Amino acid sequence: MNQLPIFLNLRDRPVILLGDGEAADAKRRLIERSGGICVGEDNHDARLAIVALEDEDEAIAAVARLKARGLIVNAVDRPALCDFTTPAIIDRDPVLIAIGTGGASAGLAKALRQRLEGLLPATLGDLARRLDAARDAIRQRWPGGAERRRAIDAALAPGGTLDPLSDHAADAVAVWIAGGGAGVSAGRYEIAIASPDPDELTLRQVRLLGSADLVLHPSDMPLAILARARADAAMRIDDEEDGAPEGVVVRLIWAPTAGSS
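All of these numbers come straight from a predicted model, not from anything done at the bench.

### Overview of the nonpolar core
The biggest cluster of nonpolar side chains holds 15 residues, and the ones touching the most others in it are Ile-16, Leu-18, Val-51, Leu-66 and Val-73. Elements with a minimum of two residues in this core: β1 (14-18), β3 (48-51), α2 (56-68) and β4 (72-75). A per-element tally of this core places α2 first, with four residues. Look past the residues within four positions of Val-73 in its chain and what remains in contact with it is Ala-49, Val-51, Val-63, Leu-66, Lys-67, Leu-81, Cys-82, Asp-83 and Phe-84.

Following this line, the structure appears as structure tokens:
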């Protein structure tokens, strides 16, 4: 990743916004929608700033001044000057999905947002709220952290009891907790990877990579395949040694078919 995607709590916090016109108005709406307060450059409590000035020289000078004060700055339509960029947003409160291109193409991010909007049910936020309300019940049902994570992963997997791309009854979470379901069991799993294209992974392979605590892989394993593992999974080059931690350990074998290299 060339950027770290994060969600900032701006509720009642000042954000410096410089500029007038359509671009500045759009950023003002975004800041205020997220609970922030738009202020001028003379505010010394703000830690975040957005520069929406049309004049190139004025924008460069404003960015330099703000960065010299230690602020994190976004310069509209000038990705080279940006400390952060603002993504295209899908809002299913409290679920937020942010799509960014690192400033490469706002149009592409918008097109992806529009496509994904049609895939996500309007009830997705309700599912999130029910899972949050059932947090204690889920901990009681699956006391171990790893066990609990695997159970949740299985329920939210494609076709799972709580598949987030499907609509669910109001009692779906309670029914899932009562019925149980352990998900991927702790143990060692071996996956033969035949293509460098991650879209050719099977559902089982995707599920195992998404549940892995440790991924063992050969040094020439395509990075696109490794990127499908859990973001916080431990990874190391497979050295055939023992000592792997308990949990879900996935060993990848690079076995490309003819023409797939």
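### A look at the side chain of Ser-195
Considering the arrangement of structural elements, one finds Ser-195 in the loop between β7 (187-193) and α8 (203-211). Of note is the side chain of Ser-195, whose polar atom sits 3.3 Å from the side chain of Glu-200.

### Digging into the pairing of strand β8 (residues 214-217)
Along β8, one buried face is formed by Leu-214 and Leu-216 and the opposite face, lined by Val-215 and His-217, is buried too. As defined by bridge partners, β8 adjoins strand β9 (residues 234-237) across four bridges and the pair is classed as parallel. Across the sheet, residue Val-215 finds its bridge partner in β9, namely Met-235. Relative to strand β10 (residues 248-254), β8 is paired through three bridges, and the arrangement is parallel. Residue pairing across strands places Leu-216 opposite Arg-251, the latter belonging to β10.

Rules used throughout
- Residues numbered from 1 in each chain as written.
- Predicted model: local features only at pLDDT ≥ 70, side-chain atom pairs only at ≥ 80, totals over all residues.
- Heavy atoms only, no water.
- Core = buried A, V, L, I, M, F, W, Y, C linked by side-chain atoms within 4.5 Å.
- Buried < 20%, exposed > 50% of the residue type's maximum accessible area, 1.4 Å probe, protein only.
- Helix = DSSP H or I, 4+ residues; strand = E, 2+ residues; numbered from the N terminus.
- Contact = heavy atoms within 4.5 Å.
- Polar contact = N/O pair within 3.5 Å; in protein donor to acceptor, adjacent residues only side chain to side chain.
- Pairing = 2+ DSSP bridges.

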